[in-house]
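Read off the chains here:
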Amino acid sequence: MGRPRLGVIANPWPFKTIATGRYLVSPASHHTYNFLSYKYRPNPLLTANISHPTKKTNHQPTFGKAIHNSAAQSTSMATITGNASNGEAAKPKITLFWLNQSRAQRMVWLLEELGLDYDLEVYRRVDKLAPPNSNEIHPLGKFPVVKVNDDLLTESGFITEYLVDNYGEWLKPKDRASLMRYKYFLHYAEGSFMPPLIVGIVMQGVKSAPVPFFLKPFVNMICSGVETKYLLPNYKTHFDFLESEISQRPWIAGEEFTGADILLSFPLTVMKGRSIFTQESYPKLWAYTERLTERGAYKKAAKKTEAMEGDKLF
């Protein structure tokens, strides 16, 4: 099956025009290690520029050349890369592969929060699934995927950890207790919190799917059983846990906003306002979710994502 024919969205952004299929944007270079040796060959249909002013830093590299201009690079990563020079740090060349109606929106937010320039390659769902050509980027055909110079990164938690470690140390706590929570919630968001939400979305699809009228009662019975015995108890466990956690500190890891807050945003904004997650039931968590969506970088990312989606984001 070939690449789907796609239309063109009017450009509401201040950086050239946008085509719905794949399209690109703009940035620079460093090298750490190849997470995958999978060869991706870009197919640029249109180029636009998403760039940010270079952030000033007082970073003095210990191991030769500084390779990041956003924040101090960690010693461990500096040891691995060993790119030498006393000049100004080089910008990384970043490409974000984005799929509509997916969790890739958080990566747009993270890149905006970091102030990094990046290329965007847009993919659109075909019959609610990722298009067949998505495995040209990565064999699993899953999104988001981020390419940083020669490194192809998958899995939202790993992508976030990599980008924060290398380009945004201010999005990672310094004290041990907060750092432990930060690392835990990076993995919790996808590993524990998202699975029941995905099952809930699947069940909604099953309930609304066209089936013969005589099978509808059985379909509804099965879906109701899954909801009653699995989904609702799991939802309550997670929301009770998160309400307790966020009642103890302003952000999920501690006193400062971190990359873990960005990852946690998707399941919370998706569930916000539904019967299980109301302001009355979880007031602290509700207020926390409101704070997340009020951040300037979130609003920028939401505007860009909504333009690509063609609809309001949450």
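Structure report, in brief. Since this is a predicted model, take the numbers as computed values, not measurements. (Residues numbered from 1 in each chain as written. Predicted model: local features only at pLDDT ≥ 70, side-chain atom pairs only at ≥ 80, totals over all residues. Heavy atoms only, no water.)

Observations regarding a nonpolar patch on the surface
Logical step 1: Taken together, the side chains of Val211, Phe213, Phe214, Leu215, Phe218 and Met221 make up a nonpolar region of the molecular surface, amounting to roughly 660 Å² of accessible area.
Logical step 2: Looking at where methionine 221 falls in the secondary structure, it is placed in helix H5 (residues 216-246).
Logical step 3: A relative accessible area of 55% means that methionine 221 is categorised as exposed. (Patch = residues over 30% accessible without salt bridge, like charges linked within 9 Å, V, L, I, M, F, W, Y side chains within 5 Å. Areas by Shrake-Rupley, 256 points an atom, 1.4 Å probe, with all protein chains shown as cover. Salt bridge = Lys/Arg side-chain N within 4 Å of Asp/Glu carboxyl O. Helix = DSSP H or I, 4+ residues; strand = E, 2+ residues; numbered from the N terminus. Buried < 20%, exposed > 50% of the residue type's maximum accessible area, 1.4 Å probe, protein only.)

Let's talk about the nonpolar core
Logical step 1: Counting 63 residues, the largest nonpolar core has Leu163 and Phe239 as the members making the most contacts within it.
Logical step 2: Broken down by element, the residue count for this core peaks at nine residues, all from helix H4 (residues 176-208).
Logical step 3: Counting contributing residues per domain, this core is built from domain 1 (94-169) and domain 2 (173-309), each supplying no fewer than three.
Logical step 4: Apart from residues no more than four positions distant in its own chain, leucine 163 is found in contact with Ile94, Leu110, Leu111, Leu114, Val148 and Gly168.
Logical step 5: Within the second largest apolar cluster, seven residues are counted, among which are Phe97, Leu99, Val145 and Leu152. (Core = buried A, V, L, I, M, F, W, Y, C linked by side-chain atoms within 4.5 Å. Domains from an automatic or database assignment. Contact = heavy atoms within 4.5 Å.)

Notes on the pairing of strand S5 (residues 145-148)
Logical step 1: Looking at chain direction, strand S3 (residues 94-99) and S5 are connected through four bridges and run antiparallel. When the bridges of S5 are listed, phenylalanine 97 appears paired with valine 145.
Logical step 2: Looking at chain direction, S5 and strand S6 (residues 151-154) are connected through four bridges and run antiparallel. Its bridge partner being in S6, valine 148 is matched across the sheet by aspartate 151.
Logical step 3: Linking S5 to S6, which pair antiparallel, is a turn of two residues; within it asparagine 149 sits at a positive phi near 55°. (Pairing = 2+ DSSP bridges.)

Considering helix H2 (residues 105-114)
Logical step 1: Counting buried positions over the 10 residues of H2 gives 10, a clear majority of the element.
Logical step 2: Within H2, burial applies to Gln105, Arg106, Met107, Val108, Trp109, Leu110, Leu111, Glu112, Glu113 and Leu114.
Logical step 3: Close packing links the buried residues of H2 with S3, helix H3 (156-167), H4, helix H6 (259-271), helix H7 (283-293) and helix H8 (296-309).
Logical step 4: Of the residues one or two after H2, glycine 115 is the one with positive phi, at around 70°.

Details of the packing of aromatic side chains
Logical step 1: Counted by the stated rule, this structure contains 18 aromatic pairs.
Logical step 2: An angle of 20° between the planes, with centres 5.8 Å apart, marks the rings of tyrosine 188 and phenylalanine 193 as stacked.
Logical step 3: By way of ring pairs, the aromatic residues Tyr184, Phe185, Tyr188, Phe193, Phe239, Phe241, Phe277, Tyr282 and Trp286 are connected into one cluster.
Logical step 4: Over the face of the ring belonging to tryptophan 251 we find arginine 291, whose NZ or CZ atom lies 5.2 Å from the ring centre.
Logical step 5: The positively charged end of arginine 295 is found above the aromatic ring belonging to tryptophan 251, 5.9 Å away from the centroid. (Phe/Tyr/Trp six-rings, centres within 6.5 Å; stacked < 30°, edge-to-face > 60°. Lys NZ or Arg CZ within 6 Å of the ring centre and 35° of its normal.)

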